[in-house]
Amino acid sequence: MSATPELGPDTPVQYLKGVGPRRARPLAKLGVLTVGDLVRHLPREHQDRRELITIRDLRPETHATVRGRVAASRTRRVGGRRHPRSVVTVTLDDGTGLLVAEFWQQRWRGDQLAVGTDAFLSGRVTWEHGARMSSPEVEVVDEDAEDDPVGASRIVPIHPLTQGLHPAQVRRFVARALEAVVDQLEDPIPAPLREARELLPLADALRQIHFPDDDDALAAARHRLEYEELFLLQLGLALRRRRHREELKPHRIEIDARLDRRIRARFPFTLTGAQERCVSEIAADLAAPTPMNRLLQGDVGAGKTVVAGYAMLAAVARRLQAALLAPTEILAVQHHATFARFLAGSQVRIATLSGSARSKKRRETLAAVAAGDVDIVVGTHAIIQQDVRFASLGLVIVDEQHKFGVLQRAALRSKGLAPDMLVMSATPIPRTLTMTLFGDLDVSVLDELPPGRQPIDTVLCEETDRPQAYDWVRREIRRGRRAYHVAPLVEENDELPLKAAVQLADELREGPFAGIPVGLLHGRMKGPDKELAMEAFRDGATPVLVCTSVVEVGVDVSEATVLIVEHAERFGLAQLHQLRGRIGRGRDRSRMILFHDAKTRDARARLDALAGTTDGFKIAEADLRIRGPGEFLGTRQSGVPELRVASLLGDPALLLAAREDAFALAERDPDLSDEGAVAATALRQFLSRRPG
Ligand code: ADP
Ligand code: MG
């Protein structure tokens, strides 16, 4: 019998040789609690140390790794008293020559690289009286690992570290953990899929991702682990979608020819072809025995509201309540007004619920909703609060879905008996991303604008163009049109944007727009004041509206033909596209005027991209490339578990493959009790990850 206990993937990491309680603490900070976690503690990058080069052979403008002893180390302060900066200069000697390395503003390097220290330095080589490196990667050679078998003469993993852990140490722990448990791990990808996709088995992939034999092996390992992550993500979505489809709703909303005629008669225009198609897809869902779970995607101004209206009127005709959730109060009020117009003279009762409604009025509204005395409830997230109860909620519509997360969707769903659900988004999301963020939904696309729209001109302006821009605004106002003027975005501060908007309005009133009534709208105004400001703009009493980006989503005033944005470089591309969607909604030609101070090439490129196209999908892709998916959509909010290896935008073909496999598996083995059993544990763990 062996004296050492058998190690398994779930054994606490402290029992791994060399770790102990002292090293287990910093490892825990990295999320490594068990030996299995260590195996999954993936390197953040690799360093090629197969051919360690001698200092004598270094060539300028190459990337290299050398190993030597620190022969001299000196810390200085430069820049005088006004801009004091520290610089640590280290001279490394490997017996063939000397290399000078400089570190700016990293005083601690002086202690780390004291004279006599044995270290690897790796970075780009420059030449100035000999070889130099500026802020190279440093790895001090661990004394008790003199011939570190996993840290030299190979492609070396660089693992995420934390204080109290040494790179070589972590490497050794990982190597031991691999040896002890990697073959005991269950591969969550069913073998037939793995073979069909020619993926490495889990154990091989983990060995190679840490200690690759060569570049190809590393690529194959990463590919396999990316697939696994995307597969689990899609499997979670596939199972959720299946669950939706197994649910039965207590109601069916059937639309016969008579009801169809009655609903259409309420709209002041005929539907576009795309609207017709979306309406019939939705009508089929409404009549089905299982709840609708559909995403309606359409660029700004495509006419989503009327499609939603069609569905809501159908629900109401079948004696069900419908709720419409909007991301801002302004939009909720607008939707209320739109539907009130459509429904003028009918029996349908509409109510608004928003955060700012007076409590007495709110109580009355809540009581009416609970008693079934209200048919359509329009509101902000106030609708998903606990105290809101519906008598017979049959349909839920979420407008501008990209502002709501999966969790909020779930909260709304729980208010009805399996209600039909339609979510609408004007954020054109690349297809691969849609498959993830809304991967459990069916999709309808509104890919046609209502007739008679004119293209919008987008012009980039410098300060010197200002008088001309204001001339243009005055000209449009004289013709009975309206102009939005968006105050600069001031980040991470609630007070400043308000001040910026107030100031801008004052300046305009006194200067260029003297004699023209200028309105003001910002997010900190009280609900009724916002409504008044919006109303005054809509009916032309204040034809210029100074605002913060609260007008970003959904606001619909067809007379608006000018939109000025201050400091456009501070806005995201998708946000500017949304803002642009506020104009060009009527038959007159519109112009977006962007004042900017774009100093960086990126900022300039973004604005040029915006000016160059009005295709929301192209803009979204450019924006995604620049900002990454997290910021683009707030994936943290959207409830997608953190991805550690794969990226949502990385490899569309791989995502598609993983999705296809996952959805097929969910059909074949929906309980994960047979072929999919191997994936069950990994899926549970994956879904419990925090959103990334
Ligand atoms: P979005 O898709 O951005 O929410 P809206 O639903 O606000 O767009 O519609 C934008 C404008 O287009 C509104 O003024 C609406 O009345 C108008 N509209 C929608 N559908 C049609 C149509 N079929 N014909 C003419 N105008 C339409
Ligand atoms: Mg809208």
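Residues numbered from 1 in each chain as written. Chains lettered and ligands numbered in written order. Predicted model: local features only at pLDDT ≥ 70, side-chain atom pairs only at ≥ 80, totals over all residues. Heavy atoms only, no water.

## Re the overall build of the chain
Step number 1: Check the secondary structure of the chain and you find 23 helices and 21 strands.
Step number 2: The burial tally for the chain puts 53% of its 692 residues in the buried class.
Step number 3: Look at the contacts in the chain between residues 6 or more apart in sequence, and 75% of them connect residues 24 or more apart.
Step number 4: Carbon together with sulfur atoms contributes 49% to the accessible area of the chain, which is approximately 32400 Å² in total.
Step number 5: The distance from the centre of the 97 positive side-chain charges to the centre of the 96 negative ones in the chain is 6 Å. (Helix = DSSP H or I, 4+ residues; strand = E, 2+ residues; numbered from the N terminus. Buried < 20%, exposed > 50% of the residue type's maximum accessible area, 1.4 Å probe, protein only. Contact = heavy atoms within 4.5 Å. Areas by Shrake-Rupley, 256 points an atom, 1.4 Å probe, with all protein chains shown as cover. Lys, Arg positive; Asp, Glu negative; His and termini not counted. Charge placed at Lys NZ, Arg CZ, Asp CG, Glu CD.)

## Considering the packing of helix α6 (residues 202-210) against helix α7 (residues 215-246)
Step number 1: In contact at an axis separation of 8 Å, α6 and α7 are set at 125° when each is read in the N-to-C sense. Classified by the interaxial angle, the pair formed by α6 and α7 is oblique. The chirality of how α6 crosses α7 is left-handed. Each of Leu-202, Ala-205, Leu-206, Gln-208 and Ile-209 in α6 lies in contact with α7, whose residues at this interface are Ala-217, Leu-218, Ala-221, Arg-222, Arg-224, Leu-225 and Glu-228. (Axes fitted to C-alpha atoms, helices over the stretch in contact; angles between N-to-C directions. Parallel < 35°, antiparallel > 145°, perpendicular 65-115°, else oblique. Left-handed = near helix turned anticlockwise from the far one by under 90°.)

## Overview of the side chain of Lys-530
Step number 1: Along the chain, the position of Lys-530 falls in helix α17 (residues 527-538).
Step number 2: Not counting residues up to four positions away in its chain, the partners in contact with Lys-530 are Glu-329, Ile-330, Leu-521, His-522, Gly-523 and Met-525.

## Remarks on the sheet that holds strand β14 (residues 420-425)
Step number 1: On the basis of which strands lie adjacent, the open sheet formed by 7 strands has the order β11-β12-β10-β13-β14-β9-β15 and parallel pairing. Edge positions in the sheet fall to β11 (350-353) and β15 (442-446), since each has one partner strand and no second. Sheet twist, expressed as the mean angle between neighbouring strand axes with direction ignored, is 20°.
Step number 2: Where strand β9 (residues 293-298) and β14 come together, 5 bridges link them in parallel fashion. (Pairing = 2+ DSSP bridges.)

## Digging into the site of ligand 1
Step number 1: Around ligand 1, a shell composed of 16 residues is seen, among which Gly-301, Lys-304, Thr-305, Arg-453 and Asp-556 lie nearest.
Step number 2: Between a nitrogen atom of ligand 1 and a main-chain N or O atom of Thr-270, the distance comes to 2.9 Å.
Step number 3: Here an oxygen atom of ligand 1 and a side-chain polar atom of Asp-556 are 2.7 Å apart.
Step number 4: Protein contact buries 84% of the 570 Å² of open area that ligand 1 shows by itself.
Step number 5: Its residues assigned to classes, the shell around ligand 1 shows 5 nonpolar, 6 polar and 5 charged. (Near = heavy atom within 4 Å. Polar contact = N/O pair within 3.5 Å; in protein donor to acceptor, adjacent residues only side chain to side chain. Nonpolar A, V, L, I, M, F, W, Y, C, P; charged D, E, K, R; others polar.)

## A word on the pattern of salt bridges
Step number 1: Overall, the coordinates contain 39 salt bridges when judged by the stated rule.
Step number 2: Arg-264 serves as the salt-bridge partner of Glu-276, at 2.7 Å between the closest nitrogen and oxygen. Of this pair, Glu-276 sits in helix α9 (residues 273-287) while Arg-264 sits in helix α8 (residues 257-264), and the two are 12 residues apart along the sequence.
Step number 3: By relative accessible area, which is 27% here, Arg-264 ends up partly exposed.
Step number 4: One salt-bridge network, in which partners are shared between bridges, spans Arg-40, Asp-187, Arg-194, Arg-224 and Glu-228. (Salt bridge = Lys/Arg side-chain N within 4 Å of Asp/Glu carboxyl O.)

## As for the environment of Thr-600
Step number 1: Here Thr-600 shows up in the loop between β21 (590-595) and α19 (601-612).
Step number 2: By relative accessible area, which is 46% here, Thr-600 ends up partly exposed.
Step number 3: For Thr-600 and Glu-569, which are 31 residues apart along the polypeptide, the C-alpha to C-alpha distance reads 9.4 Å.

## Comments concerning α9
In an α-helix, one turn spans 3.6 residues, which is why side chains three or four residues apart end up on the same side.
Step number 1: Here α9 spans 21 Å end to end across 15 residues, near enough to the 21 Å set by a 1.5 Å rise per residue.
Step number 2: Along α9, the residues classified as buried are Ala-274, Gln-275, Cys-278, Val-279, Ile-282, Asp-285 and Leu-286. Axial view of α9: buried residues confined to an arc of 130°, hence all on one face. (Expected span 1.5 Å × (residues − 1). Arc of directions from axis to C-beta.)

## So, the sheet that holds strand β18 (residues 518-521)
Two orientations exist for strands paired in a sheet by backbone hydrogen bonds: parallel and antiparallel.
Step number 1: Taking strand neighbours across the sheet as the criterion, the 6 strands line up as β16-β21-β20-β17-β19-β18 in an open arrangement whose pairing is parallel. The two strands at the open ends of the sheet, each matched to only one other strand, are β16 (456-461) and β18. When strand polarity is set aside, the average angle formed by the axes of neighbouring strands in this sheet is 20°.
Step number 2: α17 contacts β17 (482-486), β18, β19 (544-547) and β20 (560-565) of the sheet and is inclined by roughly 140° relative to β17.

## Here we look at the packing of helix α18 (residues 573-580) against α19
Step number 1: Across the interface, α18 lies against α19 with an axial gap of 10 Å and an inter-helix angle of 35°. As for how α18 packs across α19, the hand of that crossing is right-handed. Between α18, through Leu-573, Leu-576, His-577 and Arg-580, and α19, the contact on the second element is made entirely by Arg-606, Leu-607, Ala-609 and Leu-610.
Step number 2: Here the contact of α18 with α19 is built from residues that sort into 5 nonpolar, 1 polar and 2 charged.

## Considering the domain arrangement of the chain
Size of an interface: often given as the accessible area lost when the parts come together.
Step number 1: You can read the domains of the chain as domain 1 (1-44 + 159-182), domain 2 (48-155), domain 3 (257-287 + 303-425) and domain 4 (456-613).
Step number 2: Between the C-alpha centres of domain 2 and domain 4 there is a distance of 53 Å. (Domains from an automatic or database assignment.)

## Considerations on helix α1 (residues 20-29)
Step number 1: Those residues of α1 not exposed but buried are Gly-20, Arg-23, Ala-24, Pro-26 and Leu-27.
Step number 2: Contacts made by the buried residues of α1 are with α2 (35-39) and α4 (167-181).
Step number 3: In the stretch just after α1, Gly-31 is the one whose phi turns positive, near 85°.

## Quick notes on the packing of aromatic side chains
Step number 1: Scanning all chains against the criterion turns up 5 aromatic pairs.
Step number 2: Aromatic pair Tyr-484 and Phe-537: ring centres 4.8 Å apart, planes at 50°, arrangement tilted. Placement of the pair is Tyr-484 in strand β17 and Phe-537 in helix α17, with a sequence separation of 53 residues. Both residues of the pair, Tyr-484 and Phe-537, count as buried.
Step number 3: Through a chain of ring-to-ring contacts, the aromatic side chains of Phe-267, Phe-339 and Phe-342 assemble into a single cluster.
Step number 4: Sitting above the plane of the Phe-595 ring, Arg-466 keeps its charged end 4.0 Å from the centroid.
Step number 5: The ring of Trp-472 has Arg-591 sitting right over it, with the charged end atom 3.8 Å from the ring centre. (Phe/Tyr/Trp six-rings, centres within 6.5 Å; stacked < 30°, edge-to-face > 60°. Lys NZ or Arg CZ within 6 Å of the ring centre and 35° of its normal.)

## A word on the nonpolar core
Step number 1: Tyr-227, Leu-230, Phe-231, Leu-235, Val-377 and Phe-390 are the most contacted members of the largest nonpolar core, which has 52 residues in total.
Step number 2: Looking at this core, the element that brings in the most residues is α7, giving 9 residues.
Step number 3: Look past the residues within four positions of Leu-230 in its chain and what remains in contact with it is Ala-646, Leu-654, Leu-655 and Ala-658.
Step number 4: Counting residues in each nonpolar core, the second largest holds 39 residues, with Phe-267, Ala-274, Ala-314 and Ile-376 among its members. (Core = buried A, V, L, I, M, F, W, Y, C linked by side-chain atoms within 4.5 Å.)

## Re the side chain of Arg-23
Step number 1: With respect to the helices and strands, Arg-23 occurs in helix α1.
Step number 2: You can call Arg-23 buried: its relative accessible area is 17%.
Step number 3: Ignoring any residue separated from it by four or fewer positions in sequence, one finds Arg-23 in contact with Gly-18, Gly-164, Leu-165, Gln-169 and Phe-173.

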